[in-house]
Amino acid sequence: MSDYQSRVRPGALLLFRRLRVPMLVLIAVYAVAIFGFTLVPGVDDEGNPWRMSFFHAFYFVSFLGTTIGLGEIPYAFSDYQRMWALVAIYSTVVAWLYGIGALLSVIQDPLFKKLVSEASFAREVARIREPFVVLCGYGDAGTLIARELAENNIGVVVIDSDSARIDAIETDGLPVDVPALHGHAGLPKSLLTAGVQSPYCMATLALTGDDATNLAITQNAKLLNPNGTTVCVAHNHEHQAAMARVGAAHIVNPYDAFAERLRMTVLTPSMHVIYEALTTQAVTPKELQLDVPTGRWLVVGYGRFGKTVRRHLLESGNQVHVICNDRVDELGDDQTVGEALDAEVMRRAGVENAVGLVCATSTDSHVLGVTGLAREINPGIYTVVRQNSRLNTPLFRELEPNIATLSGYMVAGEVLRVIRAPQLSYFLRLSRHETEEWAANLLAEMRERIGGHVAESWSLTIDQISAPALVKRMRKGQVFDLGLLMTAPDNKELRLRAVALLLQSGDHKQLWPGDDTTIKEGDCILFCGRDIAQRRMNLTLRDGSVLDYLRGVQRVV
Amino acid sequence: MSYDKILFAVVIVLALTLNADFVYGDPEIIAYHNKYVLFFALVISLMATVLKFGERSLLGSTMLATSLVADVQLIGAALTWAYLSVDGDTVSAADSVTIVSLAVGALVANVVSVILLVIETASLRR
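These numbers were taken from a predicted model, which means no experiment stands behind them.

(A) Layout of the overall build of chain B. Broken down by element type, chain B carries four helices and zero strands. Secondary structure elements in chain B, listed N-terminal to C-terminal, are α-α-α-α. Looking at chain B residue by residue over its 126 residues, the buried ones come to 34%. Restricting to contacts in chain B with at least 6 residues of sequence separation, those with at least 24 account for 69%.

(B) Broad picture of the overall build of chain A. Of the regular secondary structure elements, chain A holds 24 helices and 22 strands. Out of the 557 residues in chain A, the part that is buried amounts to 37%. If you take every contact in chain A between residues at least 6 apart in sequence, the share linking residues at least 24 apart comes to 66%.

(C) The arrangement of the nonpolar core in detail. In terms of nonpolar packing, the biggest core is built from 79 residues, with V134(A), L135(A), V158(A), L205(A) and V300(A) touching the most fellow members. Inspection of this core shows a minimum of three residues originating in each of domain 2 (129-252) and domain 3 (255-421) of chain A. In this structure V134(A) touches V157(A), L191(A), A194(A), G195(A), V196(A), C201(A), T204(A) and L205(A), once residues within four positions along its chain are discounted. Ranked by size, the runner-up nonpolar core spans 43 residues in total, among them A33(A), L38(B), I44(B) and V50(B).

(D) Fine view of the sheet that holds strand β14 (residues 403-406) of chain A. All names here are of chain A. Taken in spatial order, the six strands make up an open sheet running β11-β10-β9-β12-β13-β14, and their pairing is parallel. Of all strands in the sheet, those with a lone pairing partner are β11 (335-337) and β14, marking the two edges. Here the average twist between neighbouring strands, direction ignored, is 15°. Taken together, the four bridges between strand β12 (residues 356-359) and strand β13 (residues 382-387) define a ladder with parallel strand orientation.

(E) A look at the sheet that holds strand β8 (residues 250-252) of chain A. Residues and elements named next belong to chain A. Read from one edge of the open sheet, six strands run β5-β4-β3-β6-β7-β8, paired in parallel fashion. Edge positions in the sheet fall to β5 (180-182) and β8, since each has one partner strand and no second. For this sheet, the mean inter-axis angle between neighbouring strands, taken without regard to orientation, is 15°. By the bridge criterion, three bridges tie strand β4 (residues 155-160) to β5 in an arrangement that is parallel. Looking at β5, one finds that V158 is bridged to A180.

(F) Quick look at helix α7 (residues 140-151) of chain A. Residues and elements named next belong to chain A. The end-to-end C-alpha distance of α7, which contains 12 residues, comes to 17 Å, matching closely the 16 Å that a straight helix rising 1.5 Å per residue would cover. Among all positions of α7, only D140, A141, G142, T143, I145, A146 and L149 are buried. Buried residues belonging to α7 abut β3 (132-136), β4, β6 (201-206), β14 and α18 (407-420). Looking at the residues trailing α7, positive phi occurs at N153, about 60°.

(G) Spatial organisation of the confidence of the model for chain B. The share of residues in chain B with pLDDT of 70 or more is 98%, and the mean pLDDT across the chain is 90. Here the predicted complex carries an ipTM of 0.90, next to a pTM of 0.68.

(H) The environment of R497(A), seen in detail. All names here are of chain A. On the secondary structure map, R497 appears in the loop between β18 (491-495) and β19 (498-505). On a C-alpha basis, the gap between R497 and E448 in space is 8.8 Å, while along the polypeptide they are 49 residues apart. Beyond its immediate sequence surroundings of up to four residues, R497 is in contact with R449, I450, G529, R530 and A533.

(I) Inspection of the pairing of strand β7 (residues 229-233) of chain A at higher detail. All names here are of chain A. Summarising burial for β7: five of the five residues are buried, a large majority. Taking every second residue as pointing to the same face, both faces of β7 are buried, with T229, V231 and V233 on one and T230 and C232 on the other. Where β6 and β7 come together, four bridges link them in parallel fashion. Note that in β7 the partner of A203 across the bridge is T229. Each parallel crossover has a hand, and for β6 linked through helix α10 (residues 211-224) to β7 it is right-handed. For β7 and β8, the ladder comprises three bridges, and the chain directions are parallel. Bridging across to β8, V233 finds its partner in V252. In this region the chain leaves β7, passes through helix α11 (residues 237-245) and returns to the parallel neighbour β8; the handedness of that crossover is right-handed.

(J) Structural view of the environment of V320(A). Residue and element names in this part refer to chain A. Within the element layout of this structure, V320 appears in strand β10 (residues 319-324). Looking at V320, the number of C-beta atoms within 10 Å reads 21, which means it is buried. Residues within four places of V320 in sequence aside, it is in contact with W297, V299, R310, L313, L314 and D334.

(K) A look at the interface of chain A and chain B. Listed by partner, the interface residues are 15 residues for chain A and 12 residues for chain B. Those elements giving two or more residues to the side of chain A that touches chain B turn out to be α1 (2-7), α2 (10-18), α3 (20-39) and α4 (54-67) of chain A. Class assignment of the residues belonging to the side of chain A that touches chain B gives a composition of 12 nonpolar, one polar and two charged.

(L) Expanded view of the packing of α7(A) against α18(A). All names here are of chain A. For the pair α7 and α18, the least separation of the axes is 7 Å and the interaxial angle reads 40°. As summarised for this structure, α7 and α18 are arranged oblique, according to the angle between their axes. Here the hand of the crossing between α7 and α18 comes out right-handed. Residue-level contacts link D140, A141, L144, I145 and E148 of α7 to G408, Y409, V411, A412, V415 and L416 of α18. Within the contact of α7 with α18, the residues separate by chemical class into eight nonpolar, one polar and two charged.

(M) Examining helix α16 (residues 364-377) of chain A more closely. Residues and elements named next belong to chain A. Between its terminal C-alpha atoms α16 stretches 20 Å, which fits the 20 Å expected from 14 residues at 1.5 Å a residue. Listed as buried for α16 are V367, V370, T371 and A374. Projected onto a plane normal to the axis of α16, the buried residues spread over an arc of 95° and lie on a single side. Exposed positions of α16 whose direction lies more than 90 degrees from the buried face are S365, G372 and E376. Buried-residue contacts for α16 involve β9 (296-300), α15 (343-348), β12, β13 and α17 (393-399).

(N) Fine view of the pairing of β3(A). All names here are of chain A. The buried fraction of β3 amounts to five of the five residues, a majority that puts the element mostly inside the structure. Neither face of β3 is open: one carries F132, V134 and C136, the other V133 and L135, and all of them are buried. Judged from the five bridges that link them, β3 and β4 form a sheet pairing that is parallel. By the bridge assignment for β4, C136 is matched with I159.

(O) Representation of unusual backbone geometry in the model. Residue and element names in this part refer to chain A. We note that E400 has phi near 50°; this positive angle belongs to a residue other than glycine. In this model, W512 sits at a positive phi of 45°, which is unusual for a non-glycine residue. Its location among the elements puts W512 in the loop between β20 (508-511) and β21 (518-519). With 18 C-beta atoms packed within 10 Å, W512 lands in the partly exposed category.

Reading guide: rules and limits
- Residues numbered from 1 in each chain as written.
- Chains lettered and ligands numbered in written order.
- Predicted model: local features only at pLDDT ≥ 70, side-chain atom pairs only at ≥ 80, totals over all residues.
- Helix = DSSP H or I, 4+ residues; strand = E, 2+ residues; numbered from the N terminus.
- Buried ≥ 20, exposed ≤ 12 C-beta atoms within 10 Å, placed from the backbone.
- Contact = placed C-beta atoms within 7 Å.
- Core = buried A, V, L, I, M, F, W, Y, C linked by C-beta atoms within 7 Å.
- Domains from an automatic or database assignment.
- Pairing = 2+ DSSP bridges.
- Axes fitted to C-alpha atoms, helices over the stretch in contact; angles between N-to-C directions.
- Expected span 1.5 Å × (residues − 1).
- pLDDT = per-residue confidence, 0-100.
- Right-handed = clockwise from strand over helix to strand, strands pointing away.
- Nonpolar A, V, L, I, M, F, W, Y, C, P; charged D, E, K, R; others polar.
- Parallel < 35°, antiparallel > 145°, perpendicular 65-115°, else oblique.
- Left-handed = near helix turned anticlockwise from the far one by under 90°.
- Arc of directions from axis to C-beta.

Shown next, in the form of structure tokens:
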């Protein structure tokens, strides 16, 4: 029964229900008019008494209501018939006006429009025959992710509770059609309509601004499609445990992500360059240098963002002083209570001898004001600001802070990385614990191999599909090491312009594996390098004769 | 008790009774069958159809279907009659049976419709 109901078009039901009364009125008026004409006495052309048959009455009334005036047929009317014709004309015209008016008002009805757009959304989603992602929440992060995915030919389906954002999708000019549903993404019905159970659904992204909603989306998506990946945004640490419990594959906390990046720039600047090169399109390992100073930092605002940044700054060996409006006991003497826009408060907090300022309050005008003031007092101060709204980007561009972060961008970057290259996420997470020396060596290696070219990263799984020739020989008992893959397929003396970053063998993960590492079937390797290196490596993987040639060389050496 | 339900039941039962009124009598003699009764049987049947529009349940859809069948049969009977009596021709016994038998088909559909109405009413627990 429920299955039957789900197939009924709600829009059509509503239309029929609203049009019931107008249709009844129309039928009744026609019936009375036709019936009347069969009763009213008339005369035929020879003067004999005559009454219309139902056939003639129906014919006359049919054109009477719609056109008024094909004449009196088949014989000229008697006065009685004309009287009845007057009644029939006015009543049928009014009935038609009423009926058409009702039809138009139903079509314009917001509820009807909503039902029709939902139905067309469901049809569009059902027609998708390519991998797609369900994106819940079309805010700053959602907008960026939708654009990136669309440009990479991955389908996007959007759910948002704000109709203005749904309208924005049409004007954003995305390169592909994005079906969008106006509704609450936390409801299972919305997710089902958006196609989470479709075999083509790759992932569900919970990107709304509300943690509780994100949790509900994650849980529902996981229950409805246990095989699907879910990525969830959390703004509070308290919710992350629950999100992990209900099956979120990745949890993105924009504040943590930013704070960790900041810490990375302070502790392991080489790692930061690698990170940027791998995650930002069109940045090469050679460019980009950030020198974040170490020493005494000021943090303005002690919310979720401020707290996280302070913790990471402390862990990376800085002193942190906080300026906040209300006294916080856990901070002890490392705080100045007052309004940061007040120069007096700033001086008391010691802005003159601070190396850096982090402004993490939740209004952009306040952030801009505080940063300007701090620069006025201490022109050399390193400024890190939190931008709250994408609309204020022109202002922040004028301000030129050393680092500006918009949580939407942070989220978008993290989520895209997770979807595009999950291995890259692992690599970046593991390498955070490495020392600066390790990172500097890796960076030197990357610079030597890749040079001034844009670094692409890609994953390779050693299996029948991506490496048929290699797997065939492995099954025969031959042993291969990573160095073989890194050799140019057409010249044994040359190396490919690529670096292996991570080798995953079962649960074992090895960072920056050496050339002598043995590779096995089922291993998953993350490379970075020039895109041409990936294409050339494919030759080795697929062509047995290339493999034999390279192995021959190895045996000699 | 709601007036909507009463009106609904009245229209559906009336469609059946008017249909039966028309059919009653020797099918070979058209004079035993009143054209006004056929007209109103058709009008009421159309109204019953409209009243059943937009029902969500499976039972409601089946009722709508029976009404549509009755409409088609009655319109068929009316058109046949109109066609056979064009230009004042008299309706023969064989033609008369055709017209009445079409209406009998509608009667069957209307009986099913009333049975469904009774089932729906009986299945409602108050």
